[in-house]
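# Structural description and commentary
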Amino acid sequence: MKRKMLITSLILTLSCFLTGWSFFKQDSEPEAEKYVRKYICHYTDETIKLDGVFNELCWEKAKKIRFYHLNKGDEKQTYNKPFFPTSGMLLWDKNNLYVALEAKDKDIWATIEEHDGNLWSEDVLEIFLKPSKDKRHLYEFELSPKNILLDIFYPSRGRPFCDGTKSYESGLKSAVRVYGTLNTWKDKDAGWTAEVAIPFDAFRETIDKNPKAGDKWLFALCRYDYSVYLEDKELSSSAKLSRQAFNLYEDYNILEFEE
């Protein structure tokens, strides 16, 4: 019986590895595509299971948005591809905004365990949303390879980051899949994925009702990547930010809700 269980376990482990490898291999060389600032976010009636796999049919109609490398500080931006490519997709239903993120990575690093920890000091994927152009409000959601969440509400971009802004709780739900081994730099990982559902109730400080078709928000999907394969940490974003600052919502992508 023990031998049978061991064989079964080895088969499942190998299956997961091969699935992960093929998942990243199929998109190892993203096609060149024209940058489009406006992203059409399609509506879905399909139930999305948060598991980090993106195998629901509705994800097939969601267009991928690519990330761009950001030069340091105030250096002029050239918008090259990141060393390790990253992409995202978005969908919505009557209750939630869904975000799927895929980050290729040969050296995945995450040690922080506490909710609302300083996740940007390790590998992290980030979502920035500005639901209203008439209010200064900005929302930030960070997710680590350990599926740890940092969610922040900024009443204004001028409000400094502090424990007060950390006290905001969004109700976000997420799942992460790591294709490799965490915190082991001597081997080569494939990457990691995150699948996220953000309830529209998370934005009640800014909007009093859920979005409808035709509504437009501003957003940026961003990444901190720390790696033994990089000379320094790399920052990248779906938005062509004019400098290396993730709160520049003037440069964000436009998110247009569509049925």
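Quantities reported herein were computed from a predicted structural model and do not represent experimental measurements.

It is worth spelling out the overall build of the protein at this point. When its secondary structure is counted, the protein shows two helices and 13 strands. Here the protein, with 259 residues, has 50% of them falling under the buried criterion. Excluding contacts between residues fewer than 6 apart, the proportion of contacts in the protein whose partners are at least 24 apart in sequence is 67%. As displayed, the protein offers around 13,500 Å² of accessible surface, 53% of which is attributable to carbon and sulfur atoms.

Taken as a whole and judged by the stated rule, the model has 22 aromatic pairs. The interplanar angle of 80 degrees and the centroid separation of 4.8 Å between the aromatic rings of Tyr139 and Phe203 together place this pair among those described as edge-to-face. Note that Tyr139 is positioned in strand β7 (residues 138-143) and Phe203 in the loop between β10 (191-199) and β11 (216-225), a separation of 64 residues in sequence. Each member of the pair Tyr139 and Phe203 is classed as buried. What links up through ring pairs into an aromatic cluster is the set Tyr43, Trp92, Tyr139, Phe141, Phe153, Tyr168, Phe200, Phe203, Trp217 and Phe257.

Below, the discussion takes up the pairing of β10. In terms of burial, β10 is largely enclosed, as nine of its nine residues are buried. Here β10 shows no split at all, with Gly191, Thr193, Glu195, Ala197 and Pro199 on one side and Trp192, Ala194, Val196 and Ile198 on the other all buried. For strand β9 (residues 173-179) and β10, the ladder comprises seven bridges, and the chain directions are antiparallel. When the bridges of β10 are listed, Ser174 appears paired with Val196.

Moving on, we come to the pairing of strand β8 (residues 149-154). The buried fraction of β8 amounts to six of the six residues, a majority that puts the element mostly inside the structure. On β8, burial covers both faces: Leu149, Asp151 and Phe153 on one face and Leu150, Ile152 and Tyr154 on the other are all buried. Bridge count for β7 against β8 is six bridges, and the pairing is antiparallel. Its bridge partner lying in β8, Phe141 is registered against Asp151.

Bringing the nonpolar core into the picture now. Among the nonpolar cores identified, the biggest contains 46 residues, and Leu97 and Phe203 are the most heavily contacted of them. In terms of residues, this core owes the most to one element, strand β5 (residues 96-104), which gives six residues. For Phe203, the residues in contact, after removing those within four places along its chain, are Leu129, Pro131, Tyr139, Phe141, Ile198 and Trp217. Ranked by size, the runner-up nonpolar core spans 23 residues in total, among them Phe128, Tyr154, Phe246 and Tyr249.

Take Glu142: it is sitting in strand β7. A polar atom in the side chain of Glu142 sits 3.4 Å from the backbone nitrogen of Trp120.

Across the protein, pLDDT averages 88, with 84% of residues at or above 70. Per-residue pLDDT stays below 50 along residues 1-19; that stretch engages in zero contacts with residues further than four places along the chain or on separate chains. Throughout residues 28-32 the model reports pLDDT below 50, and contacts reaching past four residues in sequence, or to other chains, amount to five contacts.

So, about the pattern of salt bridges. For the coordinates displayed, the defined rule picks out 10 salt bridges. Note that Asp232 and Lys72 form a salt bridge whose closest N and O atoms lie 3.2 Å from each other. With Asp232 in the loop between β11 and β12 (234-237) and Lys72 in the loop between β3 (68-69) and β4 (86-92), the pair connects residues that are 160 residues apart, well separated along the chain. A relative accessible area of 38% places Asp232 in the partly exposed class.

The rules we used
- Residues numbered from 1 in each chain as written.
- Predicted model: local features only at pLDDT ≥ 70, side-chain atom pairs only at ≥ 80, totals over all residues.
- Heavy atoms only, no water.
- Helix = DSSP H or I, 4+ residues; strand = E, 2+ residues; numbered from the N terminus.
- Buried < 20%, exposed > 50% of the residue type's maximum accessible area, 1.4 Å probe, protein only.
- Contact = heavy atoms within 4.5 Å.
- Areas by Shrake-Rupley, 256 points an atom, 1.4 Å probe, with all protein chains shown as cover.
- Phe/Tyr/Trp six-rings, centres within 6.5 Å; stacked < 30°, edge-to-face > 60°.
- Pairing = 2+ DSSP bridges.
- Core = buried A, V, L, I, M, F, W, Y, C linked by side-chain atoms within 4.5 Å.
- Polar contact = N/O pair within 3.5 Å; in protein donor to acceptor, adjacent residues only side chain to side chain.
- pLDDT = per-residue confidence, 0-100.
- Salt bridge = Lys/Arg side-chain N within 4 Å of Asp/Glu carboxyl O.

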